[in-house]
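Examining the three-dimensional arrangement
One-letter residues, chain by chain:
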Amino acid sequence: MTTPVVLFTADTRAFDGYTWHCAPSTYLEAVLDVSGGMPVILTAFGPRLDLDAVLDRVDGVVATGSRTNVHPSHYGVAATEAMGPYDEVRDATSLPLIRRAIERGIPLLCICRGLQELNVALGGSLASDIQDLPERMDHRHPDVPDMDGKFAIRHGVTIAAGGCLGRIVEGEIEVNSLHRQAVARLSDRLAVEATAPDGTIEAVSVKGAAGFTLGVQWHPEYWATTDGPSKAILEAFGAAIAAYAGGR
Ligand SMILES: N[C@@H](CCC(=O)NCCCC(=O)O)C(=O)O
């Protein structure tokens, strides 16, 4: 069987006088090394893209994390500078990509910003700066210079029994946390798969989805080769893309 091909969302960044379409290597390597997929990055050209032309050729989709936030106009909220930074061409690509992958039953793994995009793509909304909300933890990454420190495992989440995630890992697990935003109004198409001690929704799945669809607010990709629950999630995604590739 040929190696499953996995499509990744791209952020856009400006440096050296160019606009770059890019994705962090940690996500790409986790899928390459743990899920067994061949990573490819989808350019963030939004409506200029024929999504089916590329989705006909892939076996999975990953919506990655990002320091940028989904533009609040996608969930009916007026944008402010404080709610940024934004990457509107990423939004214009990721949101329809997520909806189309779900419609086609293509395995979908949405991480951090990707979970937030999944919720917004299906009609939900987000809350910003949740650390300022009453009785909420601070979910932002620690103020440390090194990436291992930023992605350190640091709070528990409770996994819902019997769901998509509950069939991969059970009970309580420890996760990293690098986000200012979170689900406010959950799409009625999503099921809660995990929650933090302060009630923050930490994982979701698509009700009745034809294929593997999981959104996680934490970052299983970062410790995918060393942390048990992280590895289990990437391996479960690997099984889903292999099955899809076999059928395709
Ligand atoms: N911007 C959103 C989503 C956070 C996210 O995807 N974090 C991953 C990148 C973390 C980093 O490199 O700093 C939010 O803040 O909620």
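Residues numbered from 1 in each chain as written. Predicted model: local features only at pLDDT ≥ 70, side-chain atom pairs only at ≥ 80, totals over all residues. Heavy atoms only, no water.

- Per an unreviewed UniProt entry, the protein chain goes by the name gamma-glutamyl-gamma-aminobutyrate hydrolase and belongs to Pleomorphomonas diazotrophica.
- According to the UniProt record, the Catalytic activity (unreviewed entry) comment for the protein chain is "4-(gamma-L-glutamylamino)butanoate + H2O = 4-aminobutanoate + L-glutamate".
- What the UniProt record of the protein chain gives under Function (unreviewed entry) is the line "Involved in the breakdown of putrescine via hydrolysis of the gamma-glutamyl linkage of gamma-glutamyl-gamma-aminobutyrate." (UniProt positions renumbered as here; feature names shortened; annotations may be inferred.)

1. What about the site of the ligand?
- Taken together, 14 residues lie around the ligand, and Ser66, Thr68, Asn69, Arg180 and Gln181 are the ones closest in.
- Between the ligand and Asn69 there is a distance of 2.7 Å, counted from a nitrogen atom to a side-chain nitrogen or oxygen.
- Its free accessible area being 430 Å², the ligand has 93% of it covered by the protein chains.
- When grouped by side-chain class, the residues that make up the shell around the ligand number two nonpolar, nine polar and three charged. (Near = heavy atom within 4 Å. Polar contact = N/O pair within 3.5 Å; in protein donor to acceptor, adjacent residues only side chain to side chain. Areas by Shrake-Rupley, 256 points an atom, 1.4 Å probe, with all protein chains shown as cover. Nonpolar A, V, L, I, M, F, W, Y, C, P; charged D, E, K, R; others polar.)

2. What to know about the environment of Ile106
- Structurally, Ile106 is set in the loop between α3 (88-104) and β6 (108-111).
- Put simply, Ile106 and Ala245 are 139 residues apart on the chain and 9.7 Å apart in space, counted from C-alpha to C-alpha. (Helix = DSSP H or I, 4+ residues; strand = E, 2+ residues; numbered from the N terminus.)

3. Re the pattern of salt bridges
- For the coordinates displayed, the defined rule picks out 12 salt bridges.
- The closest approach of N and O atoms between Asp91 and Arg113, which form a salt bridge, is 2.9 Å. Placement of Asp91 in helix α3 and of Arg113 in helix α4 (residues 113-121) is noted, with a sequence separation of 22 residues between them.
- According to the relative accessible area criterion, Asp91 is buried, its value standing at 0%.
- Two residues, Asp129 and Arg180, come together in a salt bridge whose shortest N-O distance is 3.0 Å. Remark: Arg180 occurs in the loop between β9 (172-175) and β10 (182-183) and Asp129 occurs in the loop between β7 (126-127) and α5 (147-150); sequence separation between them is 51 residues.
- One connected set of salt bridges, linked through shared partners, spans Asp11, Arg13, Arg90, Asp91, Arg113 and Glu117. (Salt bridge = Lys/Arg side-chain N within 4 Å of Asp/Glu carboxyl O. Buried < 20%, exposed > 50% of the residue type's maximum accessible area, 1.4 Å probe, protein only.)

4. Regarding the environment of Glu170
- Looking at the secondary structure, you find Glu170 in the loop between β8 (155-159) and β9.
- Measuring from C-alpha to C-alpha, the distance between Glu170 and Thr158 comes to 8.3 Å, with 12 residues separating the pair along the chain.

5. So, the nonpolar core
- Counting residues in each nonpolar core, the largest one holds 32 residues, and the members touching the most others are Leu109, Leu165, Leu214, Trp218, Leu234 and Phe237.
- Setting aside residues no more than four positions away along its own chain, Trp218 makes contact with Ile111, Cys112, Val157, Leu165, Ile173, Val175, Asn176, Ala194, Glu202, Ala203 and Ile233.
- The next biggest cluster of nonpolar side chains, apart from the first, holds 30 residues, and it includes Leu95, Leu97, Leu108 and Ile201. (Core = buried A, V, L, I, M, F, W, Y, C linked by side-chain atoms within 4.5 Å. Contact = heavy atoms within 4.5 Å.)

6. Here's the deal with the pairing of β9
- With burial as the criterion, only one face of β9 is covered, namely that bearing Ile173 and Val175; the residues Glu172 and Glu174 on the opposite face remain uncovered.
- Looking at chain direction, β8 and β9 are connected through four bridges and run antiparallel. Paired with Val157 across the two strands is Ile173, which belongs to β9. (Pairing = 2+ DSSP bridges.)

7. Observations concerning α3
- Helix length check: α3, at 17 residues, gives a terminal C-alpha distance of 24 Å against a target of 24 Å (1.5 Å per residue), a fit within 8%.
- Looking only at α3, the buried set comprises Arg90, Asp91, Thr93, Ser94, Leu95, Leu97, Ile98, Ala101 and Ile102.
- Just past α3, the residue Gly105 takes up positive phi, approximately 70 degrees. (Expected span 1.5 Å × (residues − 1).)

8. Some words on the packing of aromatic side chains
- What the rule picks out here adds up to five aromatic pairs.
- Taking the centre distance of 6.1 Å and the plane angle of 85 degrees together, the rings of Tyr18 and Trp20 count as edge-to-face.
- Tyr18 gets classed as exposed once you look at its relative accessible area, which sits at 57%.
- Given the relative accessible area of 37%, Trp20 is considered partly exposed.
- Between Phe151 and Tyr222, the aromatic rings sit 4.3 Å apart at their centres with planes inclined by 5 degrees, giving stacked as the arrangement. Linking Phe151 in the loop between α5 and β8 with Tyr222 in the loop between β13 (213-216) and α6 (228-247), this pair joins segments that are 71 residues apart in sequence.
- Through a chain of ring-to-ring contacts, the aromatic side chains of Phe15, Tyr18 and Trp20 assemble into a single cluster. (Phe/Tyr/Trp six-rings, centres within 6.5 Å; stacked < 30°, edge-to-face > 60°.)

9. Here we look at the confidence of the model for the protein chain
- For the protein chain, the average pLDDT comes to 97, and 100% of its residues sit at 70 or higher.
- Across the whole predicted complex the pTM is 0.98, and at the interface the ipTM reaches 0.98. (pLDDT = per-residue confidence, 0-100.)

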